[in-house]
Amino acid sequence: MDLNQRFWEIDVIRGLAIVMMVTYHLLFDMAFFGVYTLDVSTGILWWLARLTAFMFLFLVGVSLVLSHTRAELKGQNQERSGFFFKYLKRGVKIFFLGILITMVTWIFIPQDFIVFGVLHFIGIAIILEYPFLNKKYLNLILGILFIILGLILAQFTVSYPWLLWLGLKPLGFITVDYFPLLPWLGVVSLGLFAGKTLYQGYKRKFRLPDLSKNHFTLLFSFLGRHSLLIYLLHQPLIILVLYLLGVLDLGNLFYFLN
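The sections below set out a description of the structure shown in this document. Please read these numbers as outputs of a predicted model, since none were measured by experiment.

**Brief notes about the pattern of salt bridges**
Turning to step 1, where the next piece is worked out: Enumeration according to the criterion identifies three salt bridges in this entry.
Turning to step 2, where the next piece is worked out: As a salt-bridge pair, Arg-6 and Asp-11 come within 2.8 Å of each other at their nearest N and O atoms.
Turning to step 3, where the next piece is worked out: Across the pair Asp-11 and Arg-14 runs a salt bridge, and its minimum N-O distance is 3.4 Å. Of the two residues, Asp-11 and Arg-14 are both situated in helix 1 (residues 8-32); the distance of three residues between them amounts to about one turn of the helix. Here Asp-11 matches Arg-14 in class, with each residue buried.
Turning to step 4, where the next piece is worked out: Connected through shared salt-bridge partners, Arg-6, Asp-11 and Arg-14 make up one network.

Next comes the structure, spelled out in C-alpha coordinates:
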(Lines give C-alpha, C1' and ligand atoms only; values in the text may rest on other atoms or scores of the structure.)
Protein backbone atom coordinates (compact mmCIF):
# COMPACT_ATOMS: atom_id res chain seq x y z
CA MET A 1 0.00 0.00 0.00
CA ASP A 2 1.40 3.39 -1.03
CA LEU A 3 0.26 5.86 1.61
CA ASN A 4 1.62 8.77 -0.46
CA GLN A 5 -0.54 8.00 -3.48
CA ARG A 6 -3.36 10.27 -4.56
CA PHE A 7 -6.58 8.86 -5.91
CA TRP A 8 -6.66 10.44 -9.33
CA GLU A 9 -10.43 10.18 -9.70
CA ILE A 10 -10.94 12.51 -6.73
CA ASP A 11 -8.59 15.12 -8.17
CA VAL A 12 -10.31 14.82 -11.55
CA ILE A 13 -13.80 15.32 -10.11
CA ARG A 14 -12.57 18.30 -8.09
CA GLY A 15 -10.92 19.68 -11.23
CA LEU A 16 -14.17 19.26 -13.14
CA ALA A 17 -15.96 21.15 -10.35
CA ILE A 18 -13.37 23.93 -10.70
CA VAL A 19 -14.15 24.27 -14.41
CA MET A 20 -17.88 24.33 -13.64
CA MET A 21 -17.32 26.99 -10.96
CA VAL A 22 -15.27 29.25 -13.22
CA THR A 23 -17.85 28.86 -15.99
CA TYR A 24 -20.71 29.80 -13.68
CA HIS A 25 -18.83 32.77 -12.19
CA LEU A 26 -17.94 34.02 -15.66
CA LEU A 27 -21.63 34.06 -16.57
CA PHE A 28 -22.52 35.50 -13.16
CA ASP A 29 -20.01 38.35 -13.55
CA MET A 30 -21.24 39.15 -17.04
CA ALA A 31 -24.79 39.42 -15.68
CA PHE A 32 -23.77 41.26 -12.49
CA PHE A 33 -21.77 43.93 -14.31
CA GLY A 34 -24.31 44.37 -17.08
CA VAL A 35 -22.16 42.89 -19.84
CA TYR A 36 -24.92 40.49 -20.87
CA THR A 37 -28.51 40.08 -19.76
CA LEU A 38 -28.72 36.68 -18.14
CA ASP A 39 -30.69 35.20 -15.26
CA VAL A 40 -28.27 33.06 -13.26
CA SER A 41 -30.67 32.53 -10.35
CA THR A 42 -33.04 30.12 -12.08
CA GLY A 43 -33.05 27.20 -14.49
CA ILE A 44 -29.97 25.30 -15.61
CA LEU A 45 -27.51 27.89 -14.28
CA TRP A 46 -29.05 27.67 -10.81
CA TRP A 47 -28.65 23.91 -10.94
CA LEU A 48 -25.09 24.27 -12.24
CA ALA A 49 -24.17 26.36 -9.20
CA ARG A 50 -25.78 23.89 -6.77
CA LEU A 51 -24.24 20.84 -8.43
CA THR A 52 -20.81 22.47 -8.37
CA ALA A 53 -21.15 23.29 -4.68
CA PHE A 54 -22.37 19.77 -3.91
CA MET A 55 -19.36 18.25 -5.68
CA PHE A 56 -16.86 20.46 -3.87
CA LEU A 57 -18.30 19.94 -0.41
CA PHE A 58 -18.90 16.22 -0.89
CA LEU A 59 -15.23 15.87 -1.78
CA VAL A 60 -14.28 17.85 1.33
CA GLY A 61 -15.78 15.00 3.33
CA VAL A 62 -14.10 12.29 1.25
CA SER A 63 -10.73 14.04 1.47
CA LEU A 64 -11.01 14.47 5.25
CA VAL A 65 -11.45 10.72 5.62
CA LEU A 66 -8.51 9.97 3.34
CA SER A 67 -6.24 12.44 5.12
CA HIS A 68 -7.19 11.10 8.53
CA THR A 69 -6.83 7.45 7.50
CA ARG A 70 -3.42 8.08 5.93
CA ALA A 71 -2.16 9.85 9.06
CA GLU A 72 -3.38 7.00 11.26
CA LEU A 73 -1.70 4.36 9.11
CA LYS A 74 1.54 6.33 9.10
CA GLY A 75 1.38 6.55 12.86
CA GLN A 76 1.36 10.34 12.82
CA ASN A 77 -0.18 12.33 15.67
CA GLN A 78 -1.16 9.16 17.50
CA GLU A 79 -2.73 11.08 20.36
CA ARG A 80 -6.24 12.29 19.59
CA SER A 81 -5.25 15.79 20.67
CA GLY A 82 -2.59 15.80 17.94
CA PHE A 83 -5.16 14.87 15.31
CA PHE A 84 -7.59 17.46 16.60
CA PHE A 85 -5.11 20.33 16.51
CA LYS A 86 -4.11 19.35 12.97
CA TYR A 87 -7.68 19.79 11.76
CA LEU A 88 -8.30 22.78 14.00
CA LYS A 89 -5.31 24.54 12.43
CA ARG A 90 -6.47 23.67 8.92
CA GLY A 91 -10.04 24.79 9.61
CA VAL A 92 -8.97 28.10 11.17
CA LYS A 93 -6.66 28.83 8.22
CA ILE A 94 -9.44 28.32 5.67
CA PHE A 95 -11.94 30.25 7.81
CA PHE A 96 -9.63 33.27 7.94
CA LEU A 97 -9.24 33.12 4.17
CA GLY A 98 -13.03 33.44 4.18
CA ILE A 99 -12.72 36.49 6.45
CA LEU A 100 -10.31 37.99 3.91
CA ILE A 101 -12.90 37.42 1.18
CA THR A 102 -15.49 39.12 3.41
CA MET A 103 -13.27 42.19 3.78
CA VAL A 104 -12.55 42.43 0.06
CA THR A 105 -16.19 42.07 -0.95
CA TRP A 106 -17.27 44.54 1.77
CA ILE A 107 -14.95 47.12 0.19
CA PHE A 108 -15.89 46.50 -3.45
CA ILE A 109 -19.50 45.29 -3.32
CA PRO A 110 -20.84 46.45 0.07
CA GLN A 111 -24.45 45.89 -0.97
CA ASP A 112 -23.84 42.16 -1.63
CA PHE A 113 -20.72 41.37 0.39
CA ILE A 114 -20.06 37.82 1.58
CA VAL A 115 -20.91 37.17 5.23
CA PHE A 116 -20.69 33.38 5.46
CA GLY A 117 -19.45 32.01 2.17
CA VAL A 118 -17.95 28.71 1.09
CA LEU A 119 -14.55 29.25 2.72
CA HIS A 120 -16.13 30.24 6.03
CA PHE A 121 -18.23 27.11 5.83
CA ILE A 122 -15.39 24.73 4.91
CA GLY A 123 -13.22 26.06 7.72
CA ILE A 124 -15.94 25.50 10.33
CA ALA A 125 -16.99 22.17 8.80
CA ILE A 126 -13.45 20.74 9.04
CA ILE A 127 -13.47 21.43 12.78
CA LEU A 128 -17.03 20.28 13.46
CA GLU A 129 -16.66 17.05 11.48
CA TYR A 130 -13.51 15.93 13.30
CA PRO A 131 -15.35 13.76 15.89
CA PHE A 132 -17.09 11.91 13.06
CA LEU A 133 -14.09 11.03 10.90
CA ASN A 134 -14.11 7.38 12.00
CA LYS A 135 -17.88 7.00 11.82
CA LYS A 136 -19.68 5.48 8.86
CA TYR A 137 -23.42 4.98 8.98
CA LEU A 138 -23.81 7.76 11.54
CA ASN A 139 -22.54 10.16 8.88
CA LEU A 140 -25.11 8.84 6.43
CA ILE A 141 -27.89 9.48 8.95
CA LEU A 142 -26.55 12.91 9.95
CA GLY A 143 -26.05 13.87 6.31
CA ILE A 144 -29.67 13.22 5.43
CA LEU A 145 -30.87 14.87 8.66
CA PHE A 146 -28.79 18.03 8.18
CA ILE A 147 -29.99 18.45 4.59
CA ILE A 148 -33.64 18.05 5.60
CA LEU A 149 -33.23 20.54 8.47
CA GLY A 150 -31.53 22.99 6.13
CA LEU A 151 -34.35 22.78 3.60
CA ILE A 152 -36.83 23.44 6.41
CA LEU A 153 -34.88 26.42 7.78
CA ALA A 154 -34.67 27.93 4.29
CA GLN A 155 -38.45 28.40 4.38
CA PHE A 156 -38.24 30.84 7.30
CA THR A 157 -36.91 34.37 7.76
CA VAL A 158 -36.05 36.15 10.99
CA SER A 159 -35.59 39.76 12.08
CA TYR A 160 -31.94 39.41 13.11
CA PRO A 161 -28.72 38.28 11.36
CA TRP A 162 -27.13 36.34 14.21
CA LEU A 163 -28.05 32.89 12.92
CA LEU A 164 -26.95 33.39 9.32
CA TRP A 165 -24.18 30.84 9.87
CA LEU A 166 -26.77 28.21 10.79
CA GLY A 167 -29.18 28.83 7.91
CA LEU A 168 -31.72 31.34 9.22
CA LYS A 169 -31.72 34.46 7.03
CA PRO A 170 -33.17 37.87 7.86
CA LEU A 171 -35.80 39.22 5.48
CA GLY A 172 -34.20 40.90 2.46
CA PHE A 173 -30.77 39.36 3.01
CA ILE A 174 -28.69 39.42 -0.19
CA THR A 175 -25.16 38.13 -0.74
CA VAL A 176 -23.18 36.76 -3.67
CA ASP A 177 -22.02 33.66 -1.77
CA TYR A 178 -23.85 31.94 1.10
CA PHE A 179 -23.17 28.48 2.55
CA PRO A 180 -24.77 28.03 5.99
CA LEU A 181 -24.05 24.96 8.10
CA LEU A 182 -27.52 23.65 7.33
CA PRO A 183 -27.96 22.06 4.84
CA TRP A 184 -24.37 22.04 3.58
CA LEU A 185 -22.87 20.25 6.58
CA GLY A 186 -25.04 17.36 5.47
CA VAL A 187 -23.21 17.21 2.14
CA VAL A 188 -19.85 16.97 3.92
CA SER A 189 -21.25 14.24 6.17
CA LEU A 190 -22.33 12.28 3.10
CA GLY A 191 -18.78 12.71 1.81
CA LEU A 192 -17.44 11.24 5.06
CA PHE A 193 -19.75 8.27 4.64
CA ALA A 194 -18.61 7.80 1.04
CA GLY A 195 -14.96 8.07 2.05
CA LYS A 196 -15.32 5.40 4.75
CA THR A 197 -17.26 3.17 2.35
CA LEU A 198 -15.29 3.55 -0.89
CA TYR A 199 -11.75 4.07 0.46
CA GLN A 200 -11.68 2.09 3.68
CA GLY A 201 -8.13 1.60 4.94
CA TYR A 202 -6.84 3.99 2.27
CA LYS A 203 -7.67 1.41 -0.42
CA ARG A 204 -10.05 1.85 -3.34
CA LYS A 205 -12.92 -0.55 -2.76
CA PHE A 206 -14.21 -0.54 -6.33
CA ARG A 207 -12.79 -1.39 -9.72
CA LEU A 208 -11.56 1.48 -11.86
CA PRO A 209 -9.37 1.41 -14.98
CA ASP A 210 -6.07 3.21 -14.54
CA LEU A 211 -6.52 6.47 -16.44
CA SER A 212 -4.03 8.39 -14.30
CA LYS A 213 -1.69 9.04 -17.27
CA ASN A 214 -4.43 10.20 -19.61
CA HIS A 215 -3.96 13.81 -20.80
CA PHE A 216 -7.52 14.67 -19.76
CA THR A 217 -6.89 13.16 -16.34
CA LEU A 218 -3.59 14.99 -15.88
CA LEU A 219 -5.15 18.34 -16.76
CA PHE A 220 -8.14 18.02 -14.47
CA SER A 221 -6.03 16.48 -11.70
CA PHE A 222 -3.76 19.53 -11.82
CA LEU A 223 -6.77 21.82 -11.48
CA GLY A 224 -8.15 19.71 -8.64
CA ARG A 225 -4.88 19.76 -6.70
CA HIS A 226 -4.79 23.57 -6.86
CA SER A 227 -8.48 24.23 -6.26
CA LEU A 228 -8.03 26.62 -3.32
CA LEU A 229 -5.56 28.82 -5.19
CA ILE A 230 -7.80 28.86 -8.26
CA TYR A 231 -10.79 29.78 -6.11
CA LEU A 232 -8.94 32.73 -4.59
CA LEU A 233 -7.64 34.06 -7.91
CA HIS A 234 -10.30 33.27 -10.49
CA GLN A 235 -12.68 36.19 -9.88
CA PRO A 236 -10.13 39.01 -10.32
CA LEU A 237 -8.73 37.15 -13.32
CA ILE A 238 -12.19 36.88 -14.90
CA ILE A 239 -12.72 40.62 -14.47
CA LEU A 240 -9.26 41.33 -15.94
CA VAL A 241 -9.95 39.11 -18.95
CA LEU A 242 -13.34 40.75 -19.57
CA TYR A 243 -11.65 44.15 -19.44
CA LEU A 244 -8.84 43.11 -21.81
CA LEU A 245 -11.42 41.70 -24.23
CA GLY A 246 -13.13 45.08 -24.21
CA VAL A 247 -16.49 43.84 -22.98
CA LEU A 248 -16.17 45.35 -19.50
CA ASP A 249 -15.62 49.07 -19.19
CA LEU A 250 -13.81 50.15 -16.02
CA GLY A 251 -16.10 53.14 -15.72
CA ASN A 252 -19.12 50.85 -15.69
CA LEU A 253 -17.31 48.54 -13.30
CA PHE A 254 -16.79 51.27 -10.73
CA TYR A 255 -20.39 52.39 -11.28
CA PHE A 256 -21.65 48.95 -10.30
CA LEU A 257 -19.20 48.65 -7.41
CA ASN A 258 -20.42 51.93 -5.97
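**Here we look at the packing of aromatic side chains**
Turning to step 1, where the next piece is worked out: In this structure the tally under the stated criterion is 16 aromatic pairs.
Turning to step 2, where the next piece is worked out: Look at Trp-46 and Trp-47: their rings are 4.9 Å apart centre to centre, the planes differ by 85 degrees, and that puts the pair in the edge-to-face class.
Turning to step 3, where the next piece is worked out: Geometrically, the ring pair formed by Tyr-137 and Phe-193 is tilted, given 5.8 Å between the ring centres and 50 degrees between the ring planes. In this pair, Tyr-137 is assigned in helix 5 (residues 137-153) and Phe-193 in helix 6 (residues 181-198), connecting sequence segments 56 residues apart.

**Concerning helix 5**
Turning to step 1, where the next piece is worked out: For helix 5, spanning 17 residues, the distance from its first C-alpha to its last is 24 Å, which sits close to the expected 24 Å at 1.5 Å a residue.
Turning to step 2, where the next piece is worked out: Turning to helix 5, its buried residues are Asn-139, Leu-142, Gly-143, Phe-146, Gly-150 and Leu-153. The arc that holds every buried residue of helix 5, seen down its axis, measures 110 degrees, which confines them to one face. Opposite the buried face of helix 5, at more than 90 degrees from it, the exposed residues are Tyr-137, Ile-141 and Leu-151.

**Section: helix 4 (residues 118-128)**
Turning to step 1, where the next piece is worked out: With eight of 11 residues buried, helix 4 is to be regarded as a mostly interior element.
Turning to step 2, where the next piece is worked out: Listed in full, the buried residues belonging to helix 4 are Val-118, Leu-119, His-120, Phe-121, Ile-122, Gly-123, Ala-125 and Ile-126.

Thresholds, definitions, all that
Residues numbered from 1 in each chain as written. Predicted model: local features only at pLDDT ≥ 70, side-chain atom pairs only at ≥ 80, totals over all residues. Heavy atoms only, no water. Salt bridge = Lys/Arg side-chain N within 4 Å of Asp/Glu carboxyl O. Helix = DSSP H or I, 4+ residues; strand = E, 2+ residues; numbered from the N terminus. Buried < 20%, exposed > 50% of the residue type's maximum accessible area, 1.4 Å probe, protein only. Phe/Tyr/Trp six-rings, centres within 6.5 Å; stacked < 30°, edge-to-face > 60°. Expected span 1.5 Å × (residues − 1). Arc of directions from axis to C-beta.

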